[in-house]
There are 2 protein chains.
Amino acid sequence: MALSHAIMTALLEDQLSGYELTKSFDTSLGFFWKASHQQIYKCLRDLEQQGLLRSEHIAQEGRPDKIIYQLTDAGHAELEQWVFGESKFRESRDDLYVKLYNLTPDNLSHMRLELEQRAETTRERLQLYQRIQARHYAEPTALPLRKRGVALVLRAGIAQCEQYLGWIDDCKQLLGDAY
Amino acid sequence: MALSHAIMTALLEDQLSGYELTKSFDTSLGFFWKASHQQIYKCLRDLEQQGLLRSEHIAQEGRPDKIIYQLTDAGHAELEQWVFGESKFRESRDDLYVKLYNLTPDNLSHMRLELEQRAETTRERLQLYQRIQARHYAEPTALPLRKRGVALVLRAGIAQCEQYLGWIDDCKQLLGDAY
DNA sequence: CTTTACATGTAACTCGTTACATGATTAA
DNA sequence: TTAATCATGTAACGAGTTACATGTAAAG
């Protein structure tokens, strides 16, 4: 299960509650790894049972109590080891590609619309990444090693968005003059 | 379940057995959608039960019998409709990105190695795509609409590979001069 | 007065992977 | 004789989604 390692990674710097993790999985690491709150809460309990995390119950006023988690020594060790394991390359499994195999005059305008929607969300995402990059990762060679890793992930995100937008333009060209 | 639609799509042109589908999912559509034979056989049975596919039992000499499947009218109709539904954008969920968040001097050389392995498999894949493109999709504006769709998917694959290779070069640069 | 944010959970289900199983034929 | 190709399956498990459930407080 790689979600556990993504969660442990998110806990490297801060101790966080399930709720906070869920939110950070909507941004940051979550740009590359989506997870629902149900998955995260479950995974946290499992990791605690395995001794990789330690929890603390925090009473709060005016809002529900929360449970915050932090890495144990065993958790740190596990993460460090995990990095050395093999990781395989998963396919994207995007419906859109399957749909394109089904392109017909009937659905052509619908496909153009879907492509435009993808372009729109991709543009938004790209802007967000670029803002984060400009703010925190503008000078990657000046960063400590771990931050350089994060900077590279961000670059991957940016490059993917740009590539995707270019491809959508290609699609529009090739579909635009059809029928 | 989008796998069913990927399978139905593969059956648009030919009638195929589970075994043949499994192989074509190792190539072609399978570049964008991986599935194991267990998944495929099960899905085929389910689709037949739903009346979207029809099967035929073929006795063979010198090799096992096989069951070939083809789309029914209901299957065609279902596929046509499905294209009009919403499809959402899934994240890549790649371990490698999570690992990069864990970059340390200790694992730096391992990370370089993993990046190089990715580059190698990506280069092979890219060459394969380019060969297919040159052979069958060299002149996309001359193709009928459905083939244009396929050509676009192939272009997406090529552009992704190129982008990925460029990113790996970036990584090497930023990690190469570290420590 | 309704929605959003905070905070955590259960249950059912679908999707996907891994391991195991069978058995013939053909090529190295 | 060992491995690969052909051909189809079961079973167990792990990962991920969707629906449902609860309850307070602040903001609109």
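Preceding block: the structure.
Structural notes, computed from the coordinates. (Residues numbered from 1 in each chain as written. Chains lettered and ligands numbered in written order. Predicted model: local features only at pLDDT ≥ 70, side-chain atom pairs only at ≥ 80, totals over all residues. Heavy atoms only, no water.)

Considering the interface of chain B and chain A
Under the convention used in this document: In what follows, a contact means two residues having at least one pair of non-hydrogen atoms within 4.5 Å. Summed over both partners, buried area is the accessible surface (1.4 Å probe) that two parts give up on being assembled. Think of a salt bridge as a Lys or Arg side-chain nitrogen and an Asp or Glu carboxyl oxygen that are within 4 Å of each other. The definition of a polar contact used here is a pair of N or O atoms within 3.5 Å, where within protein one atom must be able to donate a hydrogen and the other to accept one, and adjacent residues in sequence count solely through side-chain atom pairs. Secondary structure elements follow DSSP: runs of H or I no shorter than four residues count as helices, runs of E no shorter than two count as strands, and numbering proceeds from the N terminus. When residues are sorted by character, Ala, Val, Leu, Ile, Met, Phe, Trp, Tyr, Cys and Pro go into the nonpolar class, Asp, Glu, Lys and Arg into the charged class, and all the rest, Gly among them, into the polar class.
Contacts between chain B and chain A engage 72 residues on the former and 72 residues on the latter. Across the chain B to chain A interface the summed buried area is about 7,000 Å²; carbon plus sulfur atoms make up 62%. Among the residues of chain B in contact with chain A, B:Arg93, B:Tyr101 and B:Leu145 are the three that bury the most area, contributing 12% of the side total. Linking chain B with chain A are four salt bridges, by the criterion used here. At the junction of chain B and chain A, the tally comes to 24 residue pairs in polar contact (both at pLDDT 80 or more). Counting only elements with at least two residues in the side of chain B that touches chain A, the list comes to helix H1 (2–10), helix H4 (73–82), helix H5 (95–100), helix H6 (108–136) and helix H7 (145–176) of chain B. By residue number, the principal contributor to the side of chain B that touches chain A is H7(B), which donates 18 residues. For the side of chain B that touches chain A, a count of residues per class yields 36 nonpolar, 18 polar and 18 charged.

What to know about helix H3 (residues 37–49) of chain A
Residue and element names in this part refer to chain A. The condition is simple: Given a helix with a known number of residues, its expected span is that number minus one, times 1.5 Å. Type-normalised accessible area, obtained with a 1.4 Å probe on protein chains alone, sets the label of each residue: buried when under 20%, exposed when over 50%, and partly exposed for intermediate values. In this description, the arc belongs to the directions extending from the helix axis to the C-beta atoms.
Taking 1.5 Å per residue as the helical rise, H3 with its 13 residues ought to reach 18 Å, and the 18 Å between its terminal C-alpha atoms agrees with that figure. Burial in H3 covers these residues: Ile40, Cys43, Leu44 and Leu47. For H3, the buried positions fall inside an angular range of 105° around the axis, keeping them on one side. Residues of H3 that are exposed and point more than 90 degrees away from the buried face comprise Arg45 and Gln49.

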